[in-house]
Amino acid sequence: MPSRPAGYGAGVTTDATDHFVRVRGASEHNLRSVDVDIPRDAMVAFTGVSGSGKSSLAFGTLYAEAQRRYFESVAPYARRLLQQVGAPHVQEITGLPPAVALQQRRGAATSRSSVGTITTLSNLLRILYSRAGDYPRGAEHLAAEAFSPNTVAGACPRCHGLGVVHDVTEELLVPDPSLSIRDGAIAAWPGAWQGANLRSIVTGLGIDIDRPWRKLRKKDRDWLLFTDEQPSVLIQPERDRIDYGYYGKFWSARKHVMHVLADSKSERMRERALRFVEDAPCPECHGSGLRPEALAVRFAGHSIAEVNELPFTEVVELLRPVAESPDEDNEVAVRICADLVARVGVLLDLGLGYLSLGRSSTTLSPGETQRLRIATQLRSGLFGVVYVLDEPSAGLHPADAAPLLDVLDRLKASGNSLFVVEHDLDVVRRADWVVDIGPGAGEAGGRVLYSGPVAGLEDVAESATSAHLFGRAERLEHEVRTPQGWLGLRGVSRHNLQDLAVDVPLCVLTAATGVSGSGKSTLVSQVLAEDPVAAESFDRLVLVDQRPIGRTPRSNLATYTGLFDSVRKLYAATDEAQSRGYGVGRFSFNVAEGRCETCQGEGFVAVELLFLPGTYAPCPTCQGARYNAETLEITYRGRNIAEVLDLSVDDAADFLADVPAAARSLQTLRDVGLGYLGLGQPATELSGGEAQRIKLATELQRARRGHTLYLLDEPTSGLHPADTALLLRQLHRLVDAGNTVVLVEHDLDAIATADWVIDLGPGGGDAGGQVVATGTPAEVARAEGSATAPYLARRLRRP
């Protein structure tokens, strides 16, 4: 790998044959006309605090330019559309090879996407069953697509390949069987006149509507709830309700619910109807989504549905004997199994052996999804490519990070370059080269502080990365707290947790640890969040997860936290707004009178690309401002409301310092390390970690009453160590105020500062789900058989 003096970077000219990518004048987002030279055929780490500009350089500039050049070279149609989307703000980039981006994305929001489809392993398995499966005697040969639930040939006709059906149950339709029909036993039936009408019809059918539901004949109960029959019954005149007789049509509870869901235009009625529906495995295909003909075909004694549910560790054990067989008569099976074993082997190397082919992509973490895509790329055989990776270690236990780095080394050894945006210092230490951006976030960042071999970063005093990488950063120290009580969980069985018993301490900060798939999130985000005993032990329970705060550009930080309400009131109170008769609603981009009509207040318009994923482009009328011209004429302290939305949290804190409601929200956002975010930054541009910290800040700004249980799922994900320290201080303040905080965590700094640790494992999936160790961090660091212990011990010894 090329060597350059420490501090090598901006403004240095290099020879055309020296294997460097040369960037000149990059000004994407907060980058300040950056000049930097980055080696190819190397692993380059892009570092800096959250919001410093490292992703703007790696993804917004380098990858975006590589993508633009590729599309320009292949299609005039794509070129025309990409001009609408916009090219990166950079004067020149030379020496840039084709690039592949592997970004942090949550699983696609579709029940048809799975681990098998992401990795393309499902295609191979279907070919295996089609060409080498054992068919029942006399059965027709099936093409590969017949083994896919996503095709007409393969989909179960009952559930259309989804594997689940939506149906009602008596327990949902009749929540209180002690009530009579007159008193509302059938909760799913409509109220008001329609409900009275149905009760009159039931009376006309000879069923007692005043008898408690549980005392009615089962035959009558089932008919009332589930029949498809719709008899017309003569309703006699009733005093105070109807003056004349008429024929009323009967609707069973199920038929009414399904009718509302299929035909009602009322969102409120649909939401009500959904309360009576639950998802259940399809009774025809037993959840596989496949036709009976496909399920009847076996390989190695298993149907394809059974193999789809096996963890990868067992799939390899099942297929390896065939892959290593010298049977020349079954060459197709041998070759396909050998390919599957090799591909799955990479997933095992990445610590994903607990996953199964059939697992829905919607249940995967961003880190799991990215590792699946990395494994697919490793088998693609590409070389001469720049892989731009977004925190590949995110969501990984330290024990799982080492195999990931080995896989990245294999990608590099195949003749590729790796540009890795990363906060994990162990990953940074393994890099050949580091580009450190900073020194701060937003306007305080955007400069290349250093570009060169990792060791040279030690001499850069203003770098937060340097301070943490070389041990100069101040460590967060506190006295280990004593629990003020315990919440006992017994007989917990969910997913891979089997008959688990664990005690959770109160009024302290607890970290739930363990390798990926060990059961941490199940314990904290599901069991604790839903446990009735937990609910009774606390005044409030707050679950802060990484789900998006919105799914369109219309949602943003300002609206989610509520601080935008106080901003709109400021503008409505100006003299000019009052003279024009503008109320608070005028300054909402969701209200017709004030918003730009072209984009309906979103600031963006959807751009549909033929053969390519759709994207968003700035609105051509308002240029992203969201409002119409008249609304933008109203100013407060020299800024219109769109310009306030363009402010960062840090800048807005100065601008709105004397507006108490806004100032409180802005300060809590800064306290969790989000000062660099823009108030109007669309929710679609926020990472899972940023979304979680916005939720936490929204919670922190509220007045705190009583004893609250806070449950957080990897709150340090995507954070620079300097930002992690900032966040941890806030969490410890919550505990100091008398609350209980439980974190799912991999970050060793966070675990080391906890009062108590619950370590799960010892492995992932079926090999996990047990309590391996509990105690203070120092006690767990000495535990035998814990995958966390050796890494935690090393962290506690570090000066």
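Each remark here, short or long, concerns the structure printed above.
Overview of the structure.

The rules behind each value
- Residues numbered from 1 in each chain as written.
- Predicted model: local features only at pLDDT ≥ 70, side-chain atom pairs only at ≥ 80, totals over all residues.
- Heavy atoms only, no water.
- Helix = DSSP H or I, 4+ residues; strand = E, 2+ residues; numbered from the N terminus.
- Rg over C-alpha atoms; globule rule 2.2 N^0.38 Å.
- Buried < 20%, exposed > 50% of the residue type's maximum accessible area, 1.4 Å probe, protein only.
- Axes fitted to C-alpha atoms, helices over the stretch in contact; angles between N-to-C directions.
- Parallel < 35°, antiparallel > 145°, perpendicular 65-115°, else oblique.
- Left-handed = near helix turned anticlockwise from the far one by under 90°.
- Contact = heavy atoms within 4.5 Å.
- Nonpolar A, V, L, I, M, F, W, Y, C, P; charged D, E, K, R; others polar.
- Pairing = 2+ DSSP bridges.
- Lys, Arg positive; Asp, Glu negative; His and termini not counted.
- Salt bridge = Lys/Arg side-chain N within 4 Å of Asp/Glu carboxyl O.
- Polar contact = N/O pair within 3.5 Å; in protein donor to acceptor, adjacent residues only side chain to side chain.
- Core = buried A, V, L, I, M, F, W, Y, C linked by side-chain atoms within 4.5 Å.
- Right-handed = clockwise from strand over helix to strand, strands pointing away.
- 1 Å grid on protein atoms, 1.4 Å probe; cavity = no way out; pocket = protein on both sides within 12 Å on 5 of 7 lines; lining within 4 Å.
- Points joined across faces, edges and corners; volume = space filled by probe spheres on them.

Some thoughts on the overall build of the protein chain
Thinking step 1. The secondary structure content of the protein chain amounts to 31 helices and 27 strands.
Thinking step 2. What you see for the protein chain is a C-alpha radius of gyration of 30 Å, in line with the 28 Å of a compact globule of 799 residues.
Thinking step 3. Principal-axis analysis of the C-alpha atoms gives the protein chain an extent of 95 × 90 × 65 Å.
Thinking step 4. Here the protein chain, with 799 residues, has 52% of them falling under the buried criterion.

Section: the packing of helix α8 (residues 253-263) against helix α9 (residues 267-274)
Thinking step 1. Two elements in contact, α8 and α9, have axes whose closest approach is 9 Å; the angle formed by their N-to-C orientations is 140°. If you check the angle between α8 and α9, you find them oblique. Relative to α9, α8 is oriented so that their crossing is left-handed. Touching V257, V260, L261 and A262 of α8 are M269, R270, A273 and L274, all from α9.
Thinking step 2. Here the contact of α8 with α9 is composed, by residue class, of 7 nonpolar, no polar and 1 charged.

Comments concerning the sheet that holds strand β1 (residues 20-26)
Thinking step 1. Ordered in space as β2-β1-β4, the 3 strands form an open sheet in which the pairing is antiparallel. Edge positions in the sheet fall to β2 (34-39) and β4 (92-94), since each has one partner strand and no second. Strand-to-strand twist across the sheet, computed as the mean angle between neighbouring axes with direction ignored, equals 5°.
Thinking step 2. Here β1 runs beside β4; their pairing, made up of 3 bridges, is antiparallel. Considered in β4, the bridge of R22 is made with T94.

Focus: the side chain of E745
Thinking step 1. Among the structural elements, E745 can be located in the loop between β25 (740-744) and α29 (748-752).
Thinking step 2. Here E745 sits buried without a salt bridge, and the closest side chain of opposite charge, R693, lies 8.9 Å off (N-O distance).
Thinking step 3. At a separation of 3.0 Å, a polar atom in the side chain of E745 contacts the main-chain amide nitrogen of D747.
Thinking step 4. For E745, the residues in contact, after removing those within four places along its chain, are A512, T513, E714, P715, T716, A750 and I751.

Points about the pairing of strand β8 (residues 246-249)
If a strand is regular, its side chains alternate between the two faces of the sheet.
Thinking step 1. Of the two faces of β8, the one holding Y246 and G248 is buried and the one holding Y247 and K249 is not buried anywhere.
Thinking step 2. Taken together, the 4 bridges between strand β7 (residues 232-235) and β8 define a ladder with antiparallel strand orientation. Paired with V233 across the two strands is G248, which belongs to β8.

Some words on the pattern of salt bridges
Thinking step 1. Under the defined criterion, the tally for this structure stands at 33 salt bridges.
Thinking step 2. As a salt-bridge pair, R182 and D210 come within 2.6 Å of each other at their nearest N and O atoms. Of this pair, R182 sits in the loop between α5 (170-173) and α6 (192-204) while D210 sits in the loop between α6 and α7 (218-226), and the two are 28 residues apart along the sequence.
Thinking step 3. Under the relative-accessibility criterion, D210 is labelled partly exposed at 44%.
Thinking step 4. The partner of E576 in a salt bridge is R580, and the shortest N-O contact between them spans 2.8 Å. Here E576 pairs with R580, and both are found in helix α22 (residues 575-580), just 4 residues apart, close to one helical turn.
Thinking step 5. One network of salt bridges, in which partners are shared, links E65, R68 and R69.

Overview of the nonpolar core
The tendency in soluble globular proteins is for nonpolar side chains to be buried side by side.
Thinking step 1. By size, the foremost hydrophobic cluster in this structure holds 76 residues, and its most contacted members are L128, F299, L319 and L408.
Thinking step 2. Tallying contributions element by element places helix α13 (residues 331-349) first for this core, with 8 residues.
Thinking step 3. Sequence-distant contacts of F299, that is, excluding residues within four places in its chain, are made with L128, Y129, A132, G133, L319, V322, A333 and C337.

A word on the pairing of strand β12 (residues 386-390)
Thinking step 1. Most of β12 sits inside the fold, with 5 of its 5 residues counted as buried.
Thinking step 2. Burial along β12 is two-sided: the face carrying V386, V388 and D390 and the face carrying Y387 and L389 are both buried.
Thinking step 3. Where strand β5 (residues 99-102) and β12 come together, 4 bridges link them in parallel fashion. The residue of β12 that forms the bridge with A101 is V388.
Thinking step 4. In this view, the connection linking β12 to its parallel neighbour strand β13 (residues 417-421) by way of helix α15 (residues 398-413) has right-handed handedness.

Things to note about the sheet that holds β13
Sheets are built from strands that pair by backbone hydrogen bonding, the pairs being arranged parallel or antiparallel.
Thinking step 1. Strand order in the open sheet formed by 6 strands is β5-β12-β13-β3-β14-β15, with mixed pairing between adjacent strands. With partners counted over all chains shown, the strands left at the sheet margins are β5 and β15 (447-452), one partner each. Between one strand and the next, the sheet's axes are offset by a mean angle of 15°, whatever the strand orientation.

Digging into the layout of surface pockets
Thinking step 1. Estimates place the volume of the second largest pocket at around 900 Å³.
Thinking step 2. In this structure, the second largest pocket is lined by 44 residues; those nearest its centre are L425, P721, D747, L748 and D749.
Thinking step 3. Among the elements of the structure, α15, α16 (425-430), α17 (464-469), α28 (721-736), α29 and α31 (789-797) are those that each provide at least two residues to the lining of the second largest pocket.
Thinking step 4. When grouped by side-chain class, the residues that make up the lining of the second largest pocket number 19 nonpolar, 11 polar and 14 charged.

Quick word on unusual backbone geometry
Thinking step 1. Omega for the bond connecting G438 with P439 falls within 30 degrees of zero, at 5°, which places this linkage in the cis form.
Thinking step 2. Note that P439 resides in the loop between β14 (433-438) and β15.
Thinking step 3. Across the junction of G761 and P762, the peptide omega takes the value 0°, indicating a cis bond.
Thinking step 4. Structurally, P762 is set in the loop between β26 (756-761) and β27 (770-775).
Thinking step 5. At D499, a residue that is not glycine, the phi angle is positive and equals roughly 55°.
Thinking step 6. As for its placement among the helices and strands, D499 is situated in strand β17 (residues 497-505).
Thinking step 7. Overall, D499 belongs to the exposed group, its relative accessible area being 58%.
Thinking step 8. The residue Q600 is not glycine, and still its phi comes out positive at about 60°.
Thinking step 9. Note on placement: Q600 falls in the loop between α22 and β20 (604-607).

Without other data, these values stay purely geometric and don't point to any function.
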